[in-house]
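Structural overview
Listed below, chain by chain, are the residues.
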Amino acid sequence: MNPRQTFMDVLARMTLAAIFVSLSSPAVAVDDGARAYWKARDGAHVVSAQYLFLDMQASDSEMFDPSHFILPNSETEANLFLGSYAYHFTLFDRRPSVIAFNLLGGSADVDIDTNVVQSQFLPPGVARGASFSQSASGWGDPTVQLDVNLFGTPPLISTVDLVNYEPTWTVDAAIMLALPVGEYDSDRLVNIGQNRLYGRFALPMKFHFGPFDAGHMTSIELTPSVWIFGENDDFLGQRLENDPLWQAEAHVTHDFTRSFYGSLDLLYRRGFESEINGVSVGDELDVGNVGLTLNFQVTDNFVMRAGYSSNVIGDDNLDNSVFRIQFVYGWHRLMENLKKLRGQKH
Amino acid sequence: MGLSMKLSRMRSFAKTGFAMILTLVLALGAIQAKADKPLQIGQKNKRPNFLLIVADDLGYSDLGSYGGEINTPVLDKLAQEGVRFTDFYVSPTCSVTRSMLLSGTDNHIAGLGNMAELTAPNQIGKPGYEGVLNKRVTSVASLLHDNGYHTYMSGKWHLGLKPDQIPHARGFERDFSTLVGGGSHFDDRWNVEWQIPKMPYTEDGKPVDELPKDFYSTKNYTDKILQFIEEGRGDGKPFFAYLTYTAPHGPLHLPDDWLRRYKNRYDEGWDAIRKQRLSRMQKIGIVDKGVNAADRLYFLPRSTALTPAVRVMQGRKMELYAGMVEYMDDQIGRVFNYLKRIGEFENTVIIFISDNGAEGNDLRAMVAGQVGSFGFLHAMNNFAEDAHNSLGRKGTYAEYGPAWAQVSMVPFRIFKGWVSEGGTRSPLIIRGPGVQGAGGINKKAILHVMDIVPTVLEMAGVHHSSTYRGRKVASVQGKSWVEMLAGSTHSPRTSKDWLGWELFNNRAIRQGDWKISWLYRPFGTEDWQLFNLTNDPGEQNDLSDRYPEKKRELVALWDEYMKKNGVIIGVRSPFQGARKGLPDPVQQSDSYPPFRGLEALPYKKLIEMMSGKKGGK
């Protein structure tokens with residue numbers, strides 16, 4: 001036994017923490033992502049940059065664009081960028097937790113069939129029957145999310161905590177709040193910001209199979225959640241209200257190698273019925289997407305991820321697909337110091 | 001010559017001849033009676049059964065009844081109902097021990113002068129170096145089977161691969177055997193030797209092509225021995241059952257539900273556990289108080305110098321080892337329960353031993369050490385995985401290393417492979433008919449694995465002849481324990497009797513309290529050293545200068561041993577370059593200077609001081 005090597009090996013396990021590092025992406029249009037609620041070591045920092053391409057087509061049903069407007073009979077294309085920062089810490093020295101800040105930005109283009117759209121959705125000066133397109137770009141509403149483990153994950157403060165960590169069932173509680181400071185023009189149908197408070201409460205759950213080592217991990221994850229929306233009192237001069245949006249997100253993830261895993265993704269959403277000036281418009285949302293995500297650990301710190309999903313269940317009249325590519329970079333003070341001792345380049 | 005004279009002479013011849021024939025018949029009858037008449041050991045009108053249980057690489061102090069913290073209630077109870085022995089010797093490695101265990105004679109005669117895998121060029125083809133149990137000896141199974149015993153084997157053979165060398169050909173009427181030295185405990189069957197990538201198994205002498213999907217060595221070996229006894233018991237013949245587990249030989253493997261049985265039990269580190277064991281051994285009387293235990297090997301850090309995380313990772317391996325030992329104990333319990341159920345437990349002589357000292361060598365490195373070799377390729381393909389949480393599962397490789405091996409062999413020096421006490425002492429528990437002194441610990445007898453054959457044969461009333469099926473066979477060198485077990489003597493050996501060992505060119509002689517050994521560096525001096533084992537079982541104080549005459553006497557016995565057994569010193573040995581393969585010496589002293597007192601600081605505090613804040617541990 002070479003004790004020095006063993007010590008290095010143990011410290012190197014902290015790099016494993018980077019594998020766990022992922023970021024939930026609280027945006028209504030997409031799921032949080034596979035392994036979004038796995039916990040890294042206390043003190044780990046993670047930043048993420050994500051590009052999302054959304055293509056949504058609705059005939060006579062309701063759906064929402066990136067700014068969460070109800071846009072029946074429309075076609076939306078959006079190019080969005082989501083930047084995130086997360087910090088892993090231990091709440092009250094007992095609960096492994098993550099606080100994450102997300103900032104959305106980008107552009108969206110919407111085409112609406114004015115022949116069939118409800119009049120409430122016609123911007124001023126747009127006559128029924130005319131073709132109508134609108135674009136928007138800018139920052140969305142920033143969000144902050146706190147995720148706290150309730151069950152199944154002990155504090156991951158020390159290396160020995162990580163070494164002993166072999167989760168089976170875990171249950172978290174996560175609360176997210178969006179601040180309505182994003183781009184918003186009340187005269188526009190399409191915006192990136194929402195002009196209202198909204199948030200989400202989630203209960204991320206997961207079950208781990210097999211040894212908890214890179215290259216062997218398998219998980220089933222389920223995150224039921226509900227989005228609650230405040231009132232937008234200036235939607236084309238009208239008052240927009242939405243029912244809660246119920247959401248269930250599920251993943252089956254599996255390591256193919258020590259640095260490569262895949263995930264089968266499911267996102268189902270229902271609810272979100274709209275009222276404009278107190279009058280119910282359209283139907284409630286009912287859509288489920290199935291997708292696939294591939295995650296590749298490039299270095300100890302750096303992860304690349306790409307995924308695609310498309311609706312396959314729910315309302316037949318709503319087509320949507322989401323492609324995303326994500327870059328995640330995580331670091332921890334000891335991990336960086338370990339590299340110094342090992343003489344590795346950063 | 002007249003007719004009357006002729007008749008008279010004929011009558012005289014006839015009388016003489018009759019008398020001679022009668023004498024011969026009576027003499028033969030007497031001899032036969034002596035040979036076949038069993039001792040009054042078994043139940044009335046029944047010869048005893050024998051259950052010979054061999055653990056693989058089990059350490060001296062692992063069992064609870066020998067001071068270990070591992071939960072071994074079945075064997076502990078066996079020790080309470082039987083007798084434990086403190087000075088029972090085996091060979092430093094497994095096949096070598098097994099050759100003596102089954103033949104009753106020295107390994108250099110029985111064909112395992114060296115391990116087959118490590119035979120030196122100048123030993124190849126020489127008598128006694130066949131690498132298999134050779135035909136110069138007969139196995140105890142053959143003799144018992146020829147004399148009315150059912151003979152069963154389940155487990156590890158490691159004494160030959162060819163059809164005339166396998167258990168079925170060496171006296172076992174039923175067998176389920178793995179023929180090689182070590183490998184996976186699961187159905188994937190990979191062998192540590194690349195030359196035979198898959199472990200060959202036989203059942204009743206025929207190759208086993210596939211193992212059950214849920215195969216786990218210890219469980220399935222137990223299943224088989226129970227099956228054999230059950231299927232053979234209808235005819236009322238006694239049995240000799242050789243249950244030879246491959247546990248806890250590496251790779252450390254366990255069924256999933258046993259993986260975390262000892263979770264965090266060994267986080268204290270090897271020093272603390274070793275100290276606790278030694279204390280218990282003294283308390284129960286396995287070793288004397290105040291004995292000189294061997295120092296921690298020079299390249300091993302004290303466990304208190306390791307961070308908690310490192311100790312957890314190192315402790316995980318010991319957890320798996322302990323799990324394997326307890327699992328084996330549990331399975332042995334199945335056998336005992338079965339024997340009780342069929343009413344044969346009280347008529348069964350049960351002998352439990354290990355085959356050598358605990359394993360402290362890095363077997364995987366020995367196999368896969370040469371990058372680019374087939375051994376390396378084999379390891380890459382089959383047993384490269386050693387991630388912390390995966391260890392113990394199918395497809396992984398773990399051994400517990402020299403520090404834990406030293407714990408298993410406390411208070412002795414070094415471990416498997418070496419002819420030090422740490423390589424050659426084994427626990428020995430015997431229970432059954434003919435065994436007196438239940439619960440006792442015999443510390444006076446100096447015993448050897450070769451003794452088991454003459455003991456078993458005497459108990460069974462079977463004679464070991466100088467020929468077997470027309471071929472001349474070597475005589476038994478071991479000494480029967482029957483009188484000792486009956487309480488008539490304390491030991492089958494006098495103070496003049498001696499024992500000898502040679503393996504990988506390391507060599508040793510024990511006579512009474514004295515022992516000389518010649519070991520390669522760095523563990524030895526490559527010269528003879530003299531130890532008094534009564535005061536110094538850890539072989540720490542070389543008394544060569546103080547007792548030169550005693551040393552000379554024992555060296556002379558070594559010469560006798562070598563000549564008597566045809567020992568050939570190999571032109572190469574796996575331990576010749578041992579030092580190069582080991583880490584540099586650790587520089588920390590356990591307690592110097594004493595006022596530093598770092599050990600007294602709670603770890604949490606120490607780590608916080610180092611890191612300046614939490615998160616640095």
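Residues numbered from 1 in each chain as written. Chains lettered and ligands numbered in written order. Predicted model: local features only at pLDDT ≥ 70, side-chain atom pairs only at ≥ 80, totals over all residues.

1. What to know about the overall build of chain B
The number of helices and strands found in chain B is 16 helices and 17 strands. Taking all 617 residues of chain B together, 53% fall into the buried category. For chain B, long-range pairs separated by at least 24 residues make up 73% of all intrachain contacts whose partners lie at least 6 apart in sequence. (Helix = DSSP H or I, 4+ residues; strand = E, 2+ residues; numbered from the N terminus. Buried ≥ 20, exposed ≤ 12 C-beta atoms within 10 Å, placed from the backbone. Contact = placed C-beta atoms within 7 Å.)

2. Things to note about the overall build of chain A
The number of helices and strands found in chain A is 3 helices and 18 strands. The burial tally for chain A puts 47% of its 346 residues in the buried class. Pairs at least 24 apart in sequence give 65% of the contacts found in chain A among residues at least 6 apart.

3. As for the sheet that holds strand β10 (residues 232-235) of chain A
All names here are of chain A. Spatial ordering of the open sheet is given by β10-β11-β14-β15, a layout of 4 strands whose pairing is antiparallel. Lying at the two open borders of the sheet, with one neighbouring strand each, are β10 and β15 (279-281). Across the sheet, the mean angle separating the axes of adjacent strands is 40° when strand polarity is ignored. Judged from the 3 bridges that link them, strand β11 (residues 238-242) and strand β14 (residues 274-276) form a sheet pairing that is antiparallel. Opposite Leu 240, over in β14, you have Ile 276 as the bridge partner. (Pairing = 2+ DSSP bridges. Axes fitted to C-alpha atoms, helices over the stretch in contact; angles between N-to-C directions.)

4. Observations regarding the sheet that holds strand β16 (residues 514-518) of chain B
Note on sheets: strands pair through backbone hydrogen bonds, and any given pair is parallel or antiparallel. Residues and elements named next belong to chain B. Read across the sheet, 4 strands follow the order β14-β15-β16-β17 without closing on themselves; strand pairing throughout is antiparallel. Looking along the sheet, the strands with just one partner apiece sit at the ends: β14 (498-503) and β17 (528-532). Across this sheet, the average inter-strand angle for adjacent strands is 15°, counted without regard to direction. Alignment of β16 against β17, held across 5 bridges, turns out to be antiparallel. Bridge pairing in β17 places Trp 518 opposite Trp 528. The strands touched by helix α15 (residues 548-565) within the sheet are β14, β15 (506-511), β16 and β17, with β15 carrying the most contacts at an inclination of about 115°.

5. Things to note about helix α7 (residues 270-284) of chain B
All names here are of chain B. With 15 residues, α7 extends 21 Å between its outermost C-alpha atoms, agreeing within 8% with the 21 Å of an ideal straight helix rising 1.5 Å per residue. Looking at α7, one finds that the buried residues are Trp 270, Asp 271, Ile 273, Arg 274, Arg 277, Leu 278 and Met 281. Within α7, the buried residues cover an arc of 165° as seen down the axis, which keeps them to one side. Exposed side of α7, more than 90 degrees from the buried face: Ser 279 and Lys 283 are the residues found there. Next to the buried residues of α7 lie α11 (401-408). (Expected span 1.5 Å × (residues − 1). Arc of directions from axis to C-beta.)

6. Some points on the confidence of the model for chain B
All names here are of chain B. Residues with a pLDDT of 70 or more make up 89% of chain B, whose mean pLDDT is 91. Overall, residues 17-36 carries pLDDT values under 50, and its contacts beyond four positions in sequence, including any with other chains, amount to 2 contacts. ipTM for the predicted complex: 0.85, alongside a pTM of 0.90. (pLDDT = per-residue confidence, 0-100.)

7. Digging into the packing of helix α6 (residues 217-232) of chain B against helix α8 (residues 308-341) of chain B
Residues and elements named next belong to chain B. It is the contact of α6 with α8, at a shortest axis distance of 9 Å, that shows an interaxial angle of 15°. Regarding the angle of α6 to α8, the classification is roughly parallel. Here α6 runs over α8; the crossing is right-handed. Contact residues: α6 offers Thr 218, Lys 219, Thr 222, Ile 225 and Leu 226, while α8 offers Tyr 327, Met 328, Gln 331, Arg 334, Val 335 and Tyr 338. For the contact of α6 with α8, the residue count by class is 6 nonpolar, 3 polar and 2 charged. (Parallel < 35°, antiparallel > 145°, perpendicular 65-115°, else oblique. Left-handed = near helix turned anticlockwise from the far one by under 90°. Nonpolar A, V, L, I, M, F, W, Y, C, P; charged D, E, K, R; others polar.)

8. With respect to unusual backbone geometry
Cis peptide bonds are those with omega within 30 degrees of zero, and the linkage from B:Gly250 to B:Pro251 qualifies with 0°. Its place among the elements puts B:Pro251 in the loop between β7 (239-244) and α7. Residue B:Pro411 follows B:Val410 across a cis peptide bond; omega there is 10°. Within the secondary structure, B:Pro411 sits in the loop between α11 and α12 (421-424). Positive phi, normally seen in glycine, also occurs at A:Arg35, with a value near 55°. Non-glycine residue B:Glu539 carries a positive phi angle of around 50°. Secondary-structure assignment places B:Glu539 in the loop between β17 and α15.

9. Some words on the pairing of strand β2 (residues 74-91) of chain A
On any regular strand, side chains alternate: one points to one face of the sheet, the next to the other face. All names here are of chain A. Bridge analysis of β2 against strand β3 (residues 95-113) gives 18 bridges, and the strand direction is antiparallel. Counterpart to Thr 90 in the pairing with β3 is Pro 96. Between β2 and the antiparallel strand that follows it, β3, lie 3 residues; Phe 92 among them carries a positive phi value of about 55°.

10. A look at helix α2 (residues 73-81) of chain B
Residue and element names in this part refer to chain B. All of the buried residues in α2 are Val 74, Leu 75, Leu 78 and Ala 79. Along the axis of α2, the buried positions cluster into a sector of 140°, meaning they face one direction only. If you follow the buried residues of α2, they end up packed against β2 (83-89), α8, β8 (348-354) and β9 (425-431).

11. As for the environment of A:Trp331
All names here are of chain A. Relative to the elements of secondary structure, Trp 331 occurs in strand β18 (residues 318-331). Residue classification places Trp 331 among the partly exposed positions, given that 19 C-beta atoms sit within 10 Å. Taking C-alpha positions, Trp 331 is 9.0 Å from Phe 302, a pair spaced 29 residues apart along the chain. Excluding anything up to four places from it in sequence, Trp 331 contacts His 45, Asn 301 and Glu 336.

12. Re the packing of α7(B) against α11(B)
Residue and element names in this part refer to chain B. As a packed pair, α7 and α11 sit with axes 9 Å apart at the nearest point and diverge in direction by 10°. Relative to α11, the element α7 is oriented roughly parallel. Contact with α7, carried on its side by Trp 270, Ile 273, Arg 274 and Arg 277, involves Ala 403, Trp 404, Gln 406 and Val 407 of α11 and no other residues of that element. Residues that form the contact of α7 with α11 fall into these classes: 5 nonpolar, 1 polar and 2 charged.

13. Considering the pairing of strand β1 (residues 49-55) of chain B
Residues and elements named next belong to chain B. Counted residue by residue, β1 has 7 buried out of 7 residues, so it is predominantly covered. The alternating pattern of β1 places Asn 49, Leu 51, Ile 53 and Ala 55 on one face and Phe 50, Leu 52 and Val 54 on the opposite face, and all of these are buried. Inspection of the sheet shows β1 paired to β8 by 7 bridges, in the parallel sense. What sits directly across from Ala 55, in β8, is Ser 354. Bridge count between β1 and β7: 5 bridges; the pairing is parallel. The residue bridging Leu 51 from the neighbouring strand is Ala 241, located in β7.

14. Here we look at the environment of B:Arg507
Residue and element names in this part refer to chain B. Among the structural elements, Arg 507 can be located in strand β15. Once the C-alpha coordinates of Arg 507 and Ser 517 are considered, the two residues, 10 residues apart in sequence, prove to be 5.6 Å apart. Not counting residues within four places of it along the chain, the set of residues in contact with Arg 507 comprises Val 419, Trp 501, Glu 502, Ser 517, Trp 518 and Trp 558.

15. Looking at the environment of A:Asp255
Residues and elements named next belong to chain A. Within the element layout of this structure, Asp 255 appears in strand β12 (residues 245-257). On the basis of neighbour count, Asp 255 is assigned to the partly exposed category, with 19 C-beta atoms found within 10 Å. In this structure, the C-alpha to C-alpha distance between Asp 255 and Gly 215, residues 40 residues apart in sequence, is 5.1 Å.

16. So, the confidence of the model for chain A
Considering every residue of chain A, the mean pLDDT works out to 84; 84% of them sit at 70 or more. Below pLDDT 50 for its whole length, residues 13-21 of chain A participates in 33 contacts with residues either more than four positions away or in separate chains.

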